[in-house]
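Understanding the architecture of this molecule
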Amino acid sequence: MLFNTPNRLSESRSHAKGVQETAFEGPSFHDSYLKDETLCVRDLIQHLSLDSSARKAILEHAAQIIRDCREISGHGSVFDAILQEYGLSTEEGVTLMRLVEALIRTADADTAHLLIRDKLSDRDWQSHSGDSPAFIVNRATNGLSMSAAWVKATGGQSGNKLISKLGDSVLYRAIKTAMSVMSRHFVLGQDIEDAQSRAAPFAKKGYSFSYDMLGEAAHTWADAKRYKASYMHAMTEIVKTASADTVFENSGLSVKLSALHPRYEIAKKEACVPPLIQDLIDLALLAKNNNVGLTIDAEEADRLELSMVIAKALLETPELSDWDGLSIVVQAYQRRAPDVIKYLLDTARNAKRRFSIRLVKGAYWDSEIKRAQEMGLESYPVFTRKENTDVSYLACARQLLEADDIVFPQFATHNAATMAAILHMAGNGSGYEFQRLHGMGGILHDEMMKRTSIKSRIYAPVGQHKDLLPYLVRRLLENGANSSFVNQFLNPDVLPEVLAEDPVSVVLSHTEIPHPKIPQPRNLFNGARLSAMGLDTTQTNVAQHLESLPKTYKNIKAQTVVAGRNQRGKIEPVWNPSNVSEVVGTVTMTTQAQLEKALKSAQNSKWISQTTAQERAECLRRAAKALQAKRDKFLTLCVKEAGKTWQDAIAELREAIEFLEYYANRAEDPSQAGRTALGVVACISPWNFPLAIFLGPIAAALGAGNAVVCKPAEQTPLIASAAVSLLHKAGVPKDALHLVFGPGHTIGTALIASPEIKGVCFTGSTNTAKVIAKTLADTDRALTPLIAETGGINAMIIDSTALMEQAVSDIVAGAFQSAGQRCSACRLVCIQDDVADGFIEMLSGAMEVLEIGDPAKLSTDLGPVIDANALGKLQNYISEKRKIWPVLGETKLPALEIGALNGHFLAPIAFEIPRIDVLKDEQFGPVLHVYRYKAKAFNKVIEAINGLGYGLTFGLH
C-alpha cells in the first residue's frame, strides 16, 4: 500500500496532510513505453486471437448494423450533415472550426468583427453550394457565401465603414447563435441541474449517465478550489436521483485529476498526491453511501504513472473496500495500455476489490506525437496508425472480458465494427456496458440497446460556454475528420462494407506497421541526422536516476589549456549558486603570457589550411556522440555549476549536441566549398548557456576551418573545461583549440585586442558587444567579423482572441524559466484591456504555484540567479520599482531554515507599467512587466515596442 488509510474520514484528512514528504512510488511501464510499435501490434493481434472467419462474421454483423441505422435515420441530424459537408479535409471546414474556437472567447465586439471578416473573406464557400442533401445545410452555405460577399463589398478584412459595422453586428449575432446550437449539441447542460433535466428523455430510452463537469486543467489554486466545489455539488445532486440497486445502473460522475490540483505532475507527486487522494476519497465516500459510481479520467501520457499511483491508493483504501463504483479510464492508443490494465487488475485482485475500467481510444494523439518529437524521445507513447489503435482497443477489450471476476468493462465507442467485435468476444455474457459521448453515436447506441440486453451510458459534459472550448475543439476534430467513423457513418456514398473494415486485416496489409509518413521522434531531418536524444523525466526510472547524479560528481578541476597542456596559475574556487557553501570545483586562471602563447600556437595550426571539410565534420560528429555518452556528467555540471533545473539542463545538452551535428553538416555542404577560413577566431560565451552557446560558436568556427581561442564566462569554467577536453579527444588538434579563463576586462579585452584574432563570436550583453566593436575599431580592425548575440526587452502581445490559459502558461515559461536568465526571455507583456483583468488574475495564480529551490530536485521550477552580483542588481531594481509600480503577482521564497540551502534565490515578480517606454534596459532575471492597451491602439503598441531599440525574440497570442 502507498500508505495506511485510516478508518475515519477526519483521521484520513489528517493523515493526508502528514504524508507530504512521503515518496509515492508508482509503477514503471518503461519497457512497454519504448517497445517497438511493430512488436507491440503483433503481440496485440496474437492476444486478440480472432481468426479470419471470426473477423469476417464480425464485419458482416457491423455492416448490417450500419445499413439498419441508415434506414432508420436517413442522413442523420442537421449537425451530421454540416460536418459531412464541411469536414476537416476542406479548407472551409478548418476555417469554420478556427472561427468557432476563437470567437467563443473573444471578449470585445470590435475584435470579434475583425475575426469574422478575416476568416470568412478568403474561402470558396460557393463551391459547397447545393452539395448537401440537407436543405438547411445548403441554406447555411448560401448564407456563408453572402456573408463573404458582404465582407468583400464593405472593405475586406478591415471593414471600418459605418455600414460594414452595422452589417457585421447582424452577422456576429447569427454566428453566436450558431455556436450556441453547436454547444448544446455536445454539452448536456450549463449546470448539473439543467443537465439532469435534459437527461430525462434519454433515461426513458434506458441510458444512464456519467456527468463530466467541463473545465480543463487547473492553473491556480483558485481554479482547483472552484473545480472541486463543482464536483462536490454535482455529486450531491447526482446521488439524489440514484434509485437503482447497483452502481452499474445509476448515473455517476467523471473527474479530471488535473482539475483538482494546479501542479498535477510526476515531479510534484509528494505535494499533489496526498491532497488529490483525499479529495477523491471525499467524493468516493459520498458516492459509496448512495450507490453511485466515480470515474477517474485519463489524461496525457506524462501523467499516466501518477494516475496509477492514485488509482492504487483508492483501490487499497479500506473505507471503500465494499464499493464497486470506482472506474478508471484507460486509453487504447497508449502502447502501455495492456500493461496498465494488467497493473490495475493485479492491484484490484490483491486488494480484493471489484471495479470498472472505461476503455477509450484516446483524445490527445496529436499533442502526444508532437511532445515526443520535441523531447527527442526514442519512440512514441501512442500508436502512429489509427488501425493499430483499433487493434489495441480490441485486444484490451479481450483482456477485460477475460477478467470479469474482478472488473466491469465499460466500452466507450461510436464504431459499429468495434461494437460487433465486443459482442462476438463476449458471447452470451452481459457483465459490461457500452458508452458514448453526448451528441455522438446516438443512433448506433439506440439501435444496440434495442437489439441486445447490453446497457449504454452517456458521457455527458456539463458547463458554461467559456469552459466548453477545448472540449468542443476535440469533438469537432473527431467528428470532422474524413477518416473518422462517426463522420462517415451516415454518409450514403460510403459502403457499409468499406466503413466496417477489419483493423487486423488492414494492419497485416501494411508493409510497415508504423505510419511511414510519421518518422520516429528523433528522425525529423529526412535522414540527414538524428535530433539529439532527450530524457522523459515523467518516467519513474529516469527521474530516480537523475536525482541520484549530483552525489557522483565532485571536486572537478578546470585549467587553462594551451596547445593541449594544462597550465599552472592562480587557483580559485567555483561555487554552487544554489548553495554558496558548496565548492563544486576549482579553476586555474590564465596569465597574459599564457594567452599570447595560445594565440601564437593557434595561428600556426595546420587545422586552418591543411584539413578537409570531411575531416572537420567527422571530428564534430565524434564529439556529438561523446557528449551524448557523457550525458550524466554534463547534466550534473549544468545543475551544480550553473544552477539549472534538470529540464533546462537536458534541453541545453540536446542543443549542444544539435550544434555539433548541424555544423558538421554545414562544413560538408557544397555551398561552403571554396570558402577560405578566417584564421584564429575568439569565442566568448555566457554563463546562462554554458554548454550549448559555448560549443555552438566553437563548432561553427572549427567546422569552417578556423582555429579557436575560447574564453567562457567566469562563473562556469568547469563545463567549458570538460567540453574542450571532449573536443580534443574527438580529434580536434591541440593547437587548433585553446581554453583561457579570466575576467572580461583583463583576459577578454586582451584577447579581442590581439591582432592574431581574425573573427569574434560573442554572446552576452549589448553593452559588452559595443565595447568589443569599439576595441576592434581602436586596434584598426573595424572590418574584423563580429558575430554578437545579445539580449533585449523581448515583448509578447496578447489580444482578446487568445486562449488565455495557453498564453499564461507560455508567459510563465518564457519569463521565469531558468530564473529569467535567458537573452530570449519574455520581459514585457502587452495585454488587450478587454481581457486584462482575467489574465492578471490567472498570471498571479500561476506564479503562486511556482516552486523555488534546489535545482537538483525535479520538483523545482526555478533555481538561483547566477551570483551575488546579479542578485544584488535585481533586488535593487525590484526594491526601487515597488515604490512606483503596482505588483500584479509574486512567487514566495521558501522559508530557509537552519541548514537549508543558502543560494542566490530571487522570487519572480510581475509589475504593471504605465507606458512601454519606461523600460530603459533589460533586467536579466525573473522580472516581468505588464502593459494594458486598448484594441484601437494596437499599432501604437507595435511602434512603442520597436522604439525600445532592441529585442531578440517576440511572441504573439
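Residues numbered from 1 in each chain as written. Predicted model: local features only at pLDDT ≥ 70, side-chain atom pairs only at ≥ 80, totals over all residues. Heavy atoms only, no water.

Another aspect to go through is the overall build of the protein chain. The helix and strand inventory of the protein chain stands at 36 helices and 24 strands. Expressed as lengths along the three principal axes of its C-alpha atoms, the size of the protein chain is roughly 95 × 70 × 60 Å. Considering only contacts within the protein chain whose residues lie at least 6 apart along the sequence, 79% involve residues at least 24 apart. Separation of charge centres in the protein chain, based on 102 positive and 108 negative side chains, amounts to 4 Å. (Helix = DSSP H or I, 4+ residues; strand = E, 2+ residues; numbered from the N terminus. Contact = heavy atoms within 4.5 Å. Lys, Arg positive; Asp, Glu negative; His and termini not counted. Charge placed at Lys NZ, Arg CZ, Asp CG, Glu CD.)

All right, on to the confidence of the model for the protein chain then. In the predicted model, the protein chain carries a mean pLDDT of 89, and the fraction of residues at 70 or more is 90%. Contacts from residues 1-23, a stretch scored under 50 in pLDDT, to residues over four places away or in other chains number 45 contacts. (pLDDT = per-residue confidence, 0-100.)

Right, let's talk about the environment of isoleucine 104 for a bit. Structurally, isoleucine 104 can be placed in the loop between helix 6 (91-103) and helix 7 (109-120). Residues isoleucine 104 and alanine 701 lie 597 residues apart in sequence; the distance between their C-alpha atoms is 51 Å.

This paragraph deals with the environment of serine 430. Mapped onto the fold, serine 430 is located in the loop between helix 18 (416-426) and strand 7 (433-437). Residue classification places serine 430 among the partly exposed positions, given a relative accessible area of 46%. Between the alpha carbons of serine 430 and serine 721 there is a distance of 69 Å; along the sequence they are 291 residues apart. Contacts of serine 430, omitting those with residues within four sequence positions, involve Ser453 and Ile454. (Buried < 20%, exposed > 50% of the residue type's maximum accessible area, 1.4 Å probe, protein only.)

Before going further, it helps to examine the environment of leucine 120. Relative to the elements of secondary structure, leucine 120 occurs in helix 7. Along the chain, leucine 120 and alanine 148 lie 28 residues apart, while their C-alpha atoms are 5.4 Å from each other. Those residues in contact with leucine 120, other than ones at most four positions away along the chain, are Leu99, Trp125, Leu144, Ser147, Ala148, Leu171 and Ile175.

Nonpolar side chains tend to gather and get buried jointly when the protein is soluble and globular. If you look at the biggest cluster of nonpolar residues, it comprises 114 residues, and the most contacted ones within it are Tyr211, Leu253, Leu344 and Phe411. Apart from residues lying up to four places away in sequence, tyrosine 211 is in contact with Leu188, Ile192, Ala195, Gln196, Ala199, Ile238, Ser251, Gly252, Leu253, Ser254, Ala460 and Val462. Counting residues in each nonpolar core, the second largest holds 64 residues, with Ile556, Ala617, Leu660 and Val724 among its members. (Core = buried A, V, L, I, M, F, W, Y, C linked by side-chain atoms within 4.5 Å.)

Once that is clear, we can look at the packing of aromatic side chains. Throughout the structure, instances matching the rule amount to ten aromatic pairs. Feature note: the residues Phe202, Phe209 and Tyr211 constitute an aromatic cluster, connected by ring pairs. The lysine or arginine in question, lysine 881, covers the ring of tryptophan 885, its NZ or CZ lying 4.9 Å from the ring centre. (Phe/Tyr/Trp six-rings, centres within 6.5 Å; stacked < 30°, edge-to-face > 60°. Lys NZ or Arg CZ within 6 Å of the ring centre and 35° of its normal.)

Turning our eyes to something else, we now look at the side chain of histidine 904. By secondary structure assignment, the location of histidine 904 is in the loop between strand 21 (887-890) and strand 22 (909-912). Taking the relative accessible area as the measure of exposure, histidine 904 reaches 13% and is therefore buried.

On to the sheet that holds strand 2 (residues 252-255). Within a beta sheet, neighbouring strands are joined by backbone hydrogen bonds and run either parallel or antiparallel to one another. With respect to topology, eight strands assemble into a closed barrel ordered 1-2-3-4-5-6-7-8, the strand pairing being parallel. Neighbour-to-neighbour, the strand axes of this sheet turn through a mean angle of 25°, independent of strand direction. In this structure, strand 3 (residues 294-296) lies alongside strand 4 (residues 326-331), joined through three bridges in parallel fashion. Residue threonine 295 lies in a different strand from strand 4, and its bridge partner there is serine 327. Here helix 11 (residues 221-240) sits on the sheet and contacts strand 1 (208-213), strand 2 and strand 3; the angle it forms with strand 2, its principal contact strand, is near 165°. (Pairing = 2+ DSSP bridges. Axes fitted to C-alpha atoms, helices over the stretch in contact; angles between N-to-C directions.)

Looking now at the side chain of glutamine 334. Take glutamine 334: it is sitting in the loop between strand 4 and helix 15 (337-351). Once residues lying within four places of it in the same chain are set aside, the contact partners of glutamine 334 are Ala301, Leu304, Glu368, Pro381, Val382, Phe383 and Ser392.

Here we take up the pattern of salt bridges. Scanning the entire structure with this criterion turns up 44 salt bridges. Note that glutamate 237 and lysine 240 form a salt bridge whose closest N and O atoms lie 3.0 Å from each other. Placement of both glutamate 237 and lysine 240 in helix 11 is noted, with a separation of three residues, approximately one turn of the helix. Judged by relative accessible area, glutamate 237 falls into the buried class, the value being 14%. Take lysine 240: its relative accessible area is 59%, and that puts it in the exposed class. Within this structure, Arg263, Glu265, Lys268, Glu851 and Asp861 form a network of salt bridges that share partners. (Salt bridge = Lys/Arg side-chain N within 4 Å of Asp/Glu carboxyl O.)

What follows concerns the sheet that holds strand 23 (residues 927-933). Strand order in this open sheet of six strands is 21-22-23-20-19-24, and the pairing throughout is mixed. The open sheet has two free edges, formed respectively by strand 21 and strand 24 (954-956), since each of these has just one partner strand. When the angles between neighbouring strand axes are averaged without regard to direction, this sheet yields 20°. Here strand 22 pairs with strand 23 via four bridges, running parallel.

On to unusual backbone geometry. Phi at alanine 563 is positive, roughly 55°, even though this residue is not glycine. Structurally, alanine 563 can be placed in the loop between strand 10 (561-562) and strand 11 (565-566). By relative accessible area, alanine 563 is classed as partly exposed at 33%. One non-glycine residue, alanine 819, lies in the positive phi region at around 55°.

Attention now moves to the pairing of strand 14 (residues 680-684). Counting buried positions along strand 14 yields five of five residues, so the element is predominantly enclosed. A two-sided burial pattern is seen for strand 14, the buried positions comprising Val680, Ala682 and Ile684 on one face and Val681 and Cys683 on the other. Both strand 14 and strand 15 (residues 707-711) contribute to a ladder of five bridges, which runs parallel. Within the sheet, the bridge partner assigned to isoleucine 684 lies in strand 15 and is lysine 711. Following the chain from strand 14 across helix 29 (residues 692-703) to the adjacent parallel strand 15, one finds a crossover that is right-handed. (Right-handed = clockwise from strand over helix to strand, strands pointing away.)

Before going further, it helps to spend a moment on helix 35 (residues 868-882). The end-to-end C-alpha separation of helix 35 is 21 Å, in line with the 21 Å expected for 15 residues at 1.5 Å each. For helix 35, the full list of buried residues reads Ala870, Leu871, Leu874, Tyr877, Ile878 and Lys881. Projection of helix 35 onto a plane perpendicular to its axis shows the buried side chains occupying an angular sector of 135°, all on one side. Along helix 35, the residues that are exposed and aim more than 90 degrees away from the buried face are Ala868 and Asn876. Its side-chain oxygen placed 3.3 Å from the backbone nitrogen of asparagine 869, aspartate 867 serves as the N-cap of helix 35. (Expected span 1.5 Å × (residues − 1). Arc of directions from axis to C-beta. Polar contact = N/O pair within 3.5 Å; in protein donor to acceptor, adjacent residues only side chain to side chain.)

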